[in-house]
Amino acid sequence: MKPRSCTDGVVVAAVRPRTAAAAAGLRPGDRVLAINGHSLRDAIDFQFHGADDQLTLTVDRTGEQQTLRVRRSAGAELGVELEAPQAGEIATCANKCVFCFIHQLPKGMRRSLYVKDDDFRLSFLHGNYITLTDLTEAELARIVEQRLSPLYVSVHATDPALRWELLGRPRANAEILPRLERLAKAGIRMHAQIVLCPGLNDGPHLERTVRELAPLHPHVATTAIVPVGLTRHRERLPALRTLTDDEARALVATVANWQSGFLQHLGSRFVFLGDEVYLVAGAPLPDAEAYEGFTVAEDGIGLVRRFEDGVVRSLQRRRRATTSRDVTLVTGTLYGPRLARLVAAIPGSRARVVPVPNHFFGGNVSVTGLLTGQDIARELATRPALGEAVIVPAVALRDRDGVFLDDMTPGDLAQALGVPVRIVEPEPSALLSAVCSAP
Ligand code: SF4
C-alpha cells in the first residue's frame, strides 16, 4: 500500500470558465503542489487550504514550477475539478470480512473493481464505508483537525470478539466503540452500518450492537442495517446464508419497535433498515417522514420510498396531457414487481417492465445496480417486442466510464438488441420522461 500522506499535490481535471481559477490561469493537467505554502496531500487538503479568498498556488506545469495568485470575492466558487485519486493512492483494507463483496466477484473483471478501499478521505468525500481498523494516530488527528465529518463507519458488531471474526480476524484491533467514542468526543458526526449476516451478528448480537451505539447519538447520527449480499462465486469463503422471508418480516417488526423507543428517548428513530429487507419481507415501506430527511438514502435506506413518492408527486403536478411511449424498462428482479405496479399506474402507460435475473453474479444478487450488459441482453432476447427503446437505469453503469460491470457499453447492448438503449437517472422526472412524452 502506498503511504497515505504523500505530498505530490493534486491534479486539476477541469477549470470552469469565468471563475477565479480560470482568471488566475490555472489549467487542466496542472499539479497543484501547495496552497499558501501548505503542501497538499489530496483533495481534502485542497478543500481545506483553498477555502480562503486570496490564494497563492504553487503549481507544477509540465515539469516547471509556477506561482499563480487567485483572488475571489467572498462566497464565489473557485471553479476547479480535481482528478480522482489513482488506485495506488487509495488506502486499502487488510481485512478479510466474511461477507466482503469484492471477495465474491467473478475472476477476470477489470482491476479497479477489486480495490478494497478503506480510506477515511473517500468516506468523507464520497460516503464510502470504512472500518477504522487501520487508522493511525496521525490520521485520527487529521480527521479531528480538518473536521472531516460526517464519516461512514462499518460497525457490524460492537462485541469486539464478534467484530474481529466478522472482519476476518485482522491483525489490527477490531474494537470499535472506543474509536467511535473518541471521534464523537471530538465532534465528528458518523453514520454506522451493520451488514447483517443471519446466524452471525443478528438476534441478541444485533440488539447489543444497537443498544451500545445508541448512547453515541447524535454523533452517531444513524445506524443502517443492510442484508448481506451473496454471489455464486464464494469458493473457499466462509459459509453464509441470506435472510429468509420470515426473518426479514421479524426484523421489520423488531426495527419498528426500536424506532418508536428511540424516537421517544433520542428524538430520532436512529436505526434504519435497508429497502431490500422490506422488499424481501413483502412488508409495506415506511412513510417518507420515517426516513428523517433521507440522510443515507444512497446506501439503500429509503431510496425506493423517495423515488416512488417523487413519481406520484410528479404525476400530480403534470398539467399537460402526455402520450405514452412504447418502451421497455429494465430493472433487477427484486424491484421488478413494484416498478411494474408503479408504471401501470401512469395513465395510458404502454411501457413494459422486464425484471432481469442476475446470472453474472448469481446467488441472491437481485438489485438493479449490479446488472450487467450480458444479462440484460440475454433476458431481452427472449422477449417478442421491445418497443422503440430500451431504458436502462444509470445505476447499472460505472460512474466514471459509463460501461456495465462486465465492460459492455450501452452501444454494445443496443447493437446486440437492434433497438436504441437510453440511460436514465433513477429520478422520478427521468422515468416519466422516458415513458411519456408531451403530445
Ligand atoms: S473492509 Fe471488509 S468488506 Fe470492506 S473491502 Fe475490506 S474486506 Fe471487504
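As shown above, the structure is provided for reference.
Residues numbered from 1 in each chain as written. Predicted model: local features only at pLDDT ≥ 70, side-chain atom pairs only at ≥ 80, totals over all residues. Heavy atoms only, no water.

1. Concerning the overall build of the chain
The helix and strand inventory of the chain stands at 14 helices and 17 strands. Relative to a compact globule of 439 residues, whose C-alpha radius of gyration would be 22 Å, the chain shows 24 Å and is just as compact. For the chain, the C-alpha atoms occupy an extent of roughly 65 × 55 × 45 Å along the three principal directions. Counting all 439 residues of the chain, 51% fall into the buried class. (Helix = DSSP H or I, 4+ residues; strand = E, 2+ residues; numbered from the N terminus. Rg over C-alpha atoms; globule rule 2.2 N^0.38 Å. Buried < 20%, exposed > 50% of the residue type's maximum accessible area, 1.4 Å probe, protein only.)

2. A closer look at the sheet that holds strand E11 (residues 271-273)
On the basis of which strands lie adjacent, the open sheet formed by five strands has the order E7-E8-E9-E10-E11 and parallel pairing. Each edge of the sheet is formed by a strand with only one pairing partner; in this case those strands are strand E7 (129-130) and E11. With two bridges connecting them, E7 and strand E8 (residues 151-154) associate as parallel partners. Within the sheet, the bridge partner assigned to Ile130 lies in E8 and is Val153. Here helix H7 (residues 203-213) sits on the sheet in contact with strand E9 (190-196), strand E10 (220-227) and E11, set at roughly 175° to E9. (Pairing = 2+ DSSP bridges. Contact = heavy atoms within 4.5 Å. Axes fitted to C-alpha atoms, helices over the stretch in contact; angles between N-to-C directions.)

3. Structural notes on the nonpolar core
Phe99, Leu180, Met190 and Ile225 are the most contacted members of the largest nonpolar core, which has 90 residues in total. For this core, the leading source of residues is helix H8 (residues 245-266), giving six residues. Discounting chain neighbours no more than four positions away, the residues touching Phe99 are Gln104, His156, Leu166, Val195, Cys197, Val228, Gly229 and Leu240. Of all hydrophobic cores here, the second largest spans 19 residues; its members include Val330, Leu371, Ala377 and Leu397. (Core = buried A, V, L, I, M, F, W, Y, C linked by side-chain atoms within 4.5 Å.)

4. Section: the site of the ligand
The environment of the ligand is formed by Cys93, Asn95, Cys97, Cys100, Lys116 and Thr131. Looking at side-chain class alone, the shell around the ligand contains three nonpolar, two polar and one charged residues. (Near = heavy atom within 4 Å. Nonpolar A, V, L, I, M, F, W, Y, C, P; charged D, E, K, R; others polar.)

5. A short note on helix H12 (residues 373-380)
Burial analysis of H12 places six of its eight residues in the buried class, the great majority of the element. Looking at H12, one finds that the buried residues are Gly373, Asp375, Ile376, Ala377, Glu379 and Leu380. On its buried face, H12 is in contact with strand E13 (327-332), strand E14 (352-356), strand E15 (389-393) and helix H13 (410-417).

6. A look at the sheet that holds strand E16 (residues 421-424)
Within the open sheet, the four strands sit side by side as E14-E13-E15-E16. Their pairing is parallel. In this open sheet, the two edge strands, each paired with only one partner strand, are E14 and E16. Within the sheet, the average angular offset between the axes of one strand and its neighbour, ignoring direction, is 30°. Contacts between helix H11 (residues 336-344) and the sheet are confined to E13 and E14, with E14 contributing the most and set at about 175° to the helix. Contacts between H13 and the sheet are confined to E15 and E16, with E16 contributing the most and set at about 140° to the helix.

7. Regarding the packing of aromatic side chains
As enumerated under the stated definition, the model contains five aromatic pairs in all. Centroid distance Tyr129 to Tyr152: 5.6 Å. Interplanar angle 80°. Geometry classified as edge-to-face. Taken together, the positions of Tyr129 in strand E7 and Tyr152 in strand E8 put the pair 23 residues apart, joining distant regions of the chain. Under the relative-accessibility criterion, Tyr152 is labelled buried at 14%. Between Tyr291 and Phe294, the ring centres sit 5.4 Å apart and the planes meet at 20°, which makes this aromatic pair stacked. Owing to a relative accessible area of 4%, Tyr291 belongs among the buried residues under this scheme. Through a chain of ring-to-ring contacts, the aromatic side chains of Phe101, Phe360 and Phe361 assemble into a single cluster. Directly above the aromatic system of Phe294 lies the positively charged group of Arg306, at a separation of 5.9 Å from the ring centroid. (Phe/Tyr/Trp six-rings, centres within 6.5 Å; stacked < 30°, edge-to-face > 60°. Lys NZ or Arg CZ within 6 Å of the ring centre and 35° of its normal.)

8. Here we look at the pattern of salt bridges
Throughout the structure, instances matching the rule amount to 22 salt bridges. Where Asp119 meets Arg121, a salt bridge forms, and the shortest distance between an N and an O atom there is 2.7 Å. This pair shows no difference in class: Asp119 is buried, exactly as Arg121 is. Residue Asp159 is joined to Arg208 by a salt bridge in which the shortest nitrogen-to-oxygen separation is 3.6 Å. (Salt bridge = Lys/Arg side-chain N within 4 Å of Asp/Glu carboxyl O.)

9. Details of the pairing of E8
Here E8 shows a buried face lined by Leu151 and Val153 and a second buried face lined by Tyr152 and Ser154. With helix H4 (residues 137-145) bridging E7 and the parallel E8, this β-α-β connection has right-handed handedness. In this sheet, E9 lies alongside E8 in parallel orientation, the contact comprising four bridges. In the sheet register, Leu151 faces E9, and the bridge partner there is Met190. (Right-handed = clockwise from strand over helix to strand, strands pointing away.)

Purely geometric stuff here, so don't read any function into it on its own.
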